[in-house]
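Secondary and tertiary structure notes
Read off the chains here:
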Amino acid sequence: MTKRENEITWKDLEIGCIVTEPGNARQYRTGDWRSERPIFDKSKCTKCGLCYIFCPEGCIEQTEDGYFEANLFYCKGCGICARECPPKAQAITMVEEEEWWQKGKE
Amino acid sequence: MVAKREGIEVSRAIAIACKLANVDVVAAYPITPQTHIVEDLAELVADGELDAAFIPVESEHSAMSACLGAAAVGARTFTATAGQGLELMHEVVYVASSMQLPIVMAVTNRALSAPISIWGDHSDVMAVRDTGWIQIFVENGQQTVDNVLCAFRIAEDRRVLLPVMVHLDGFHLTHVIEPISFPEQSEVDQFLPPNQYPLPLDPDKPVAMGDFGPPYIYTETKKAQEVNLEAAKKVILECWKEFGGLFGRYYSPVEGYQCEGAKVLLLTMGSFSETAMEAIDKMRKEGKKVGLLRLRLWRPFPFEEVRQAVKDAEVLIVLDRALSFGYGGPVCSEIKSALYNEAKKPKVVSFIGGLGGRDISPGGFEQIINRGIEISQTGSEQEFEMFGVRE
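What counts, and at which threshold
- Residues numbered from 1 in each chain as written.
- Chains lettered and ligands numbered in written order.
- Predicted model: local features only at pLDDT ≥ 70, side-chain atom pairs only at ≥ 80, totals over all residues.
- Heavy atoms only, no water.
- Salt bridge = Lys/Arg side-chain N within 4 Å of Asp/Glu carboxyl O.
- Pairing = 2+ DSSP bridges.
- Helix = DSSP H or I, 4+ residues; strand = E, 2+ residues; numbered from the N terminus.
- Axes fitted to C-alpha atoms, helices over the stretch in contact; angles between N-to-C directions.
- Contact = heavy atoms within 4.5 Å.
- Buried area = accessible area lost by both parts, 1.4 Å probe.
- Polar contact = N/O pair within 3.5 Å; in protein donor to acceptor, adjacent residues only side chain to side chain.
- Nonpolar A, V, L, I, M, F, W, Y, C, P; charged D, E, K, R; others polar.
- Parallel < 35°, antiparallel > 145°, perpendicular 65-115°, else oblique.
- Expected span 1.5 Å × (residues − 1).
- Buried < 20%, exposed > 50% of the residue type's maximum accessible area, 1.4 Å probe, protein only.
- Phe/Tyr/Trp six-rings, centres within 6.5 Å; stacked < 30°, edge-to-face > 60°.
- Lys NZ or Arg CZ within 6 Å of the ring centre and 35° of its normal.

**Some thoughts on the pattern of salt bridges**
All names here are of chain B. Applying the stated criterion to the full structure yields 30 salt bridges over all chains. One salt bridge connects Lys282 with Glu286, and the closest N-O pair in it is separated by 3.1 Å. Through salt bridges with shared partners, a single network forms among Arg129, Asp130, Arg299 and Glu334.

**Some words on the sheet that holds strand E5 (residues 103-109) of chain B**
Residues and elements named next belong to chain B. In space, the seven strands of this open sheet follow the order E3-E2-E4-E5-E7-E6-E12, with mixed pairing throughout. Edge positions in the sheet fall to strand E3 (53-56) and strand E12 (297-299), since each has one partner strand and no second. Strand after strand, the sheet turns through a mean of 20° between neighbouring axes, direction not considered. Taken together, the two bridges between strand E2 (residues 25-28) and strand E4 (residues 77-81) define a ladder with parallel strand orientation. Bridge assignment links Val25 to a residue of E4, and that residue is Thr77.

**Notes on the interface of chain B and chain A**
Listed as interface residues are 22 residues of chain B and, on the opposing side, 14 residues of chain A. Taken together, the two surfaces of chain B and chain A that pack against each other cover about 1,500 Å², and 75% of this comes from carbon and sulfur. When the buried surface of chain B facing chain A is broken down by residue, Leu199(B), Tyr216(B) and Glu220(B) rank first, second and third, together holding 31% of it. Remark: the boundary between chain B and chain A carries zero salt bridges. Counting the contacts that link chain B with chain A gives two residue pairs in polar contact (both at pLDDT 80 or more). By residue class, the composition of the side of chain B that touches chain A is 15 nonpolar, three polar and four charged.

**What about the packing of helix H11 (residues 303-310) of chain B against helix H12 (residues 330-339) of chain B?**
Residue and element names in this part refer to chain B. One way to put it is that H11 packs onto H12 with a least axis distance of 10 Å and a crossing angle of 80°. In terms of their interaxial angle, H11 and H12 are classed as roughly perpendicular. Of the residues in H12, those touching H11 at Phe303, Val306, Arg307 and Val310 are Ile335, Ala338 and Leu339. Among the residues forming the contact of H11 with H12, the class breakdown is six nonpolar, no polar and one charged.

**Some points on the sheet that holds strand E11 (residues 290-295) of chain B**
All names here are of chain B. Within the open sheet, the six strands sit side by side as E9-E11-E10-E13-E14-E15. Their pairing is mixed. Strand pairing shows two members of the sheet lacking a second neighbour, strand E9 (254-257) and strand E15 (385-386), which therefore form its edges. Across the face of the sheet, helix H10 (residues 272-285) comes into contact with E9, strand E10 (264-268), E11 and strand E13 (315-320) while running at roughly 165° to E11.

**Concerning helix H13 (residues 362-378) of chain B**
Residues and elements named next belong to chain B. Across its 17 residues, H13 extends 24 Å between first and last C-alpha, which sits within 8% of the 24 Å expected from 1.5 Å per residue. Taken as a whole, H13 has its buried residues at Gly364, Phe365, Glu366, Ile368, Ile369, Gly372, Ile375 and Ser376. Buried residues belonging to H13 abut E10, H10, E11, E13, strand E14 (347-352) and E15. Looking one or two residues past H13, Gly379 carries a phi angle of roughly 80°, positive in sign.

**Quick look at the packing of aromatic side chains**
In this description, an aromatic ring pair is defined by two values, namely the gap between the centres and the angle between the planes. A complete count under the given rule lists 14 aromatic pairs over all chains for this structure. Pairing Phe191(B) with Phe243(B) gives two aromatic rings, centres 5.4 Å apart and planes at 75°, and the pair type is edge-to-face. Highlighted residues: Phe191(B) in helix H8 (residues 185-191) and Phe243(B) in helix H9 (residues 215-247), separated in sequence by 52 residues. Chaining the aromatic ring pairs together yields one cluster made of Phe191(B), Trp240(B), Phe243(B), Phe247(B) and Tyr251(B). The ring of Tyr67(A) is capped by Lys47(A), whose NZ or CZ atom sits 4.6 Å from the centre of that ring. For Lys345(B), the ring lying beneath its charged end belongs to Tyr340(B), and the centroid distance is 5.8 Å.

Have a look at this one:
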C-alpha cells in the first residue's frame, strides 16, 4: 500500500475489493482504538513471558535484553497483559491515554 | 442462417442454454416454478452430457454461497431460484455483486408469502432490486435462451465482472412449451469465450476476497460498485448488438411495439407484454393511437432510453406486477422519478395487476388502457388502481 488509508480513492480499489498483497492487514493500525496503554516496569519484570502468551493481539514482543514491550501500533489497550502479569510482580500498569499524554506535556 | 426451431418447455431450454454455455458449476436448490431448470441440469450432469459440478445444496442461502466460491476460482457459474428461495438467498445476493463475481441466475418470478403462492408476479424481483446485479427481463422462450447466453458473456466481460439475473415469469414462461431455435455449439463457442476471471483464488498467487471495509474505505467501495454497474450498460448494448449480428435477434433496454405516433403508451415488464400486444393490435385497428413499451433492462436502469421512448406520448400507463406496500407500483415510481425533471413528459398512470399468477387477458389490457386514458383526463383520488380486484 503506497497511499495512506485516507488517501485511497475509489479508483484505486482492486476488482471487488480483492486484496492482492498477502499479510497487508499488518498495515492496519489497531492501536488508535486504545483508551489505555500498558506501561512495563522492567525493575519488577521477571521475564516470565505470560503477557506475551496471553496478548490476544499478538503485539507483545521480547526485546534483546529479554524484557517485554507492547507494540503500540497494534495494542488495543485491552489490559489482559496487566491482568495476567503474576500478582507478585505486577510489572504492568494500565494508564489512561489522556492521563499519559497530559503527563508527557508536563 | 435460419436455424430449425424445436418445441420445448422454456425451463428445459434454459438447461440446454447452460449446456451450450458449457457451465462449470451449478449450485441450486429446487423451488417451484424453477424446479425443471435444475432437474434438467442435474440430469445433464449425471448423464455425462455436461461436464460440470452439480452441487445439491441444502438451501438457497447455501446455493448462492457455493456460487460465490465457484465464481471466485474462475468457474462459469449458474444458479436459479424464485420467490421465497430468492428471499432466503437475499444476503448473499448482495455479496455476489459487491465482490464482482460473474454468476448467472435465472429467476423464475414468483409471488411472496403469505398467503402461500407458487404462482408468478414480480414481488421477488422488487425485493432484490437494489442488490447491484444486472437484471434483464425476458418475454418468451427464445428471448430467455438468448439472454441466458448473453448473460454469461456480459457477466464475465473484463469490463463488467458482475452477476446477472435473467427474470422470466414463473409458469407463464417456465412451464410453457415454445418453439425455440438453439444456436450451434460452434456458434456459442465463438460468441462466448472461456471465462477468464482476472484474479481467481489460486494457491500459487494468494489473494483475499470479501475482506472487511472500515468507515475510511466503505464509501469508496460503493462508489466503485455504482460506477461499474452504470458502465456495464455499454457492454450490455455491445453484447446485444453482436448477438443480433450473429443470430438475427436484437435486444434493447426499452423496446417498443406499435409506438409510432402513439399518444398513449402502456409499459410492462416480462411475459405479459405478449398478451398486451394483442390488445394494442385491436385498438390500433380501431384507429386508436396506442403503443406498448417493454422494459427489458431493469438494472442498470435505462434513464435515457425511457425518456426518449416516452417523449412524444401524452399518457403513459405503467402496469406493475408487484406492490410496494404503503407506496404503490415500484416500476411506476421509478418511471415517474426518471421523468420528473423533464420539461416535456406524459401524464403517468399507475396500475397494479397480475399478482400471484392472475392472468390479464387482451380484453383486460384494453380495459387498463381505456381506464388509464380516463384517469389521465379526470384525475384519480388514488395513487394507483389495482386491476381486476373484487371490491
